[in-house]
Structure formats: C-alpha cells, structure tokens
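Understanding the architecture of this molecule
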Amino acid sequence: MKAIKLFQGYLWHPKDLAFDPREALPRQLGEVHVLVDKVRAPMTFFEDGTPTETQQFYQVTLLVRTEQEPAALKPLAESVSRELNPYLEATPQTVGWQLLEDLRQI
C-alpha cells in the first residue's frame, strides 16, 4: 500500500470569523482521507494585492491508500471532487479555497 495525494491546496477565512473547516469538511469521502491543517499563509499578498495577514489559512490534502499507480486514480479524483464541492460551497461567503489535482505518491 502507498499513500497517493489526489488534491492539495488551501482554504482561508478572515481571522475574526468563527469557522473551523475541520468541522465543515468531512474527514473521509469513501476511501479518501481529507486532512486539514492550520498553516501560515503561503504568500504575503493575494493576486489583487490584499495582504494575507488578516486571514487564517489551512492546508487541505485529499489522499488515498492504494496499490494503484497515481495515473490510474484520475476517475477517483474526479468523483471525489464532485463529492467535496457541496461542502466547500456550503462554507460562509468569506471563506476562500483553492485545491488543485495532485496525483502523486507521498
């Protein structure tokens, strides 16, 4: 068995918002584990020039333990993306996220 990342990225929200994505997102989607870890902002400013210091950031990683090779997991990644999307869309309006497909072994 090996751990394969399906997606990795960030979720963020204003520091004064009482929101915990570890409660808003499922810990697991079928066989896929959803890991949420509080982190420092990965950049100083957003693309529009807004400072990130007012935001709390979390790294979000979706992974699966499998014998399959990463390339064979594309259908699973697509399915999990559809399952996760309603949870992300249900977060408060001031919550942002960016998750990118990242099919590789950890």
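Right above here is the structure, for reference.
All residue numbers here refer to positions counted from 1 along the written sequence of the relevant chain. Selection of residues for local features in this predicted model requires a pLDDT of at least 70, selection of side-chain atom pairs for listing and counting requires 80 or more, and totals for whole chains, interfaces and linings are taken over all residues. With hydrogens and water set aside, each side-chain value is computed from the structure's full complement of heavy atoms.

Bringing the overall build of the protein into the picture now. When you go through the protein residue by residue, the secondary structure sums to two helices and five strands. Just to be clear, the radius of gyration here is over C-alpha atoms, and the globule rule we use is 2.2 Å times residues to the power 0.38. Its C-alpha radius of gyration of 14 Å places the protein within 12% of the 13 Å reference for a compact globule of 106 residues. The principal-axis extents of the C-alpha atoms in the protein amount to approximately 40 × 25 × 20 Å. Per-residue accessibility, obtained with a 1.4 Å probe over protein chains only, is compared with the maximum for each type, and a residue is labelled buried under 20%, exposed over 50%, and partly exposed between these values. Here the protein holds 106 residues, and 38% of them are scored as buried. Sequence-distant contacts in the protein: of pairs separated by 6 or more residues, those separated by 24 or more amount to 76%. By the counting scheme adopted, Arg and Lys are positive, Glu and Asp are negative, and His together with the chain ends is not counted. We put the charge of a Lys on NZ, of an Arg on CZ, of an Asp on CG and of a Glu on CD. Taking the average place of the 11 positive charges on the side chains of the protein and the average place of its 15 negative ones, the gap between the two points comes to 6 Å. Strands here mean DSSP runs of E at least two residues long; helices mean DSSP runs of H or I at least four residues long; both are numbered from the N terminus. Only heavy atoms matter for contacts: two residues are in contact if any of them lie within 4.5 Å across the pair.

Take helix H2 (residues 74-89) next. For H2, spanning 16 residues, the distance from its first C-alpha to its last is 22 Å, which sits close to the expected 22 Å at 1.5 Å a residue. The bend at a residue is defined as the angle formed between two axes, one fitted to the seven residues ending at that residue and one fitted to the seven starting there. Its axis deflected by about 25° at Glu83, H2 carries its strongest bend there, up to four residues before the proline Pro86. Buried within H2 we find Ala77, Val80, Leu84 and Leu88. Multiply 1.5 Å by the residue count of a helix minus one, and that product is the helix's expected span.

A general feature of soluble globular proteins is that nonpolar side chains tend to end up buried together. The criterion is simple. A nonpolar core is a set of buried Ala, Val, Leu, Ile, Met, Phe, Trp, Tyr and Cys residues joined through side-chain atoms within 4.5 Å. Ranked by internal contacts, the top residues of the largest apolar core, which has 20 residues, are Leu6, Leu11 and Leu62. Residue assignment for this core shows that the elements contributing at least two residues are strand E1 (2-14), strand E3 (32-39), strand E4 (55-66) and H2. Among residues more than four places away in sequence, those in contact with Leu62 are Ile4, Lys5, Leu6, Phe7, Leu29, Val32, His33, Val34, Val80 and Leu84.

Ring geometry is summarised as follows: Phe, Tyr and Trp rings, the Trp one being its six-membered ring, pair when their centres sit within 6.5 Å, and such pairs are stacked at plane angles under 30 degrees, edge-to-face over 60 and tilted between the two. For the coordinates displayed, the defined rule picks out four aromatic pairs. Each ring, one from Tyr10 and one from Phe57, has its centre 6.4 Å from the other, and the planes form 75°; the classification is edge-to-face. Of this pair, Tyr10 sits in strand E1 while Phe57 sits in strand E4, and the two are 47 residues apart along the sequence. An aromatic cluster is defined as three or more aromatic residues linked by ring pairs; in this entry it consists of Tyr10, Trp12, Phe46 and Phe57.

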